[in-house]
Amino acid sequence: MNLQNEISNLKYNALQNKKAYQKTVQQLKKLKPYDVDELFHAQHDEVFSEIDCLHCANCCKTTPALVSNEDINRISKYLQISSKDFIIKYVIKDDDGDTVLNKTPCTFLNADNKCAIYEVRPFACKDYPHTNRKKMHQILELTVKNTEICPAVVRILDNIKDSLE
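None of these values were measured; they are calculated from a predicted model. (Residues numbered from 1 in each chain as written. Predicted model: local features only at pLDDT ≥ 70, side-chain atom pairs only at ≥ 80, totals over all residues. Heavy atoms only, no water.)

K.L.:
Could you give me a rundown of the pattern of salt bridges, with the residues and numbers involved?
P.N.:
By the definition in use, this model includes seven salt bridges. We note a salt bridge from Glu148 to Lys11, for which the minimum N-O separation is 3.7 Å. Here Lys11 lies in helix H2 (residues 10-16) and Glu148 lies in the loop between helix H9 (140-145) and helix H10 (151-164), a separation of 137 residues in the sequence. Judged by relative accessible area, which is 58%, Lys11 ranks as exposed. Salt-bridge contacts for Asp71 lead to Arg74; the nearest nitrogen and oxygen are separated by 2.7 Å. Of this pair, Asp71 and Arg74 both sit in helix H6 (residues 69-79), three residues apart, which is roughly one turn of that helix. Overall, Arg74 belongs to the partly exposed group, its relative accessible area being 26%. A single salt-bridge network, built from bridges that share partners, covers Glu6, Glu50 and Arg155. (Salt bridge = Lys/Arg side-chain N within 4 Å of Asp/Glu carboxyl O. Helix = DSSP H or I, 4+ residues; strand = E, 2+ residues; numbered from the N terminus. Buried < 20%, exposed > 50% of the residue type's maximum accessible area, 1.4 Å probe, protein only.)

This is the structure:
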């Protein structure tokens, strides 16, 4: 399946595979945290050698990025505006009370899928889809949720699921 088809079918496929992913999460919870990290990191490297985020950018198109005070200060300095002006222009509180960028697609996403503030982008963007971080066992549920957004996460989780069978 090509990447554009994967992207257009993400939500549907995530719903179809939810039980299988939950079963995989239960299997992963039985492993040592280090082993969970190793599984994810190996798959992360393999999958991202095949997928170029610039061909997708679905996260930037569909999901408002979390922003910390540190992110706000860094980005506002880069844009040469005050933190207060940045907050007024670009930030809202979401339904969960989290501070997020206020538009989807992201205001800073260019037509070529490149980020206009790439050098100073929010940490949440830098770290997304979080599949190469330490302590993956702590965010397994989030990882399943991210199968609705990121085709790389789907491939990573599918590969892990297959390796555990």
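Having put the structure on the table, let's press on.
K.L.:
How would you explain the environment of Asn73 if you had to name every residue and give the values?
P.N.:
One can find Asn73 in helix H6. Between the alpha carbons of Asn73 and Lys84 there is a distance of 9.3 Å; along the sequence they are eleven residues apart.

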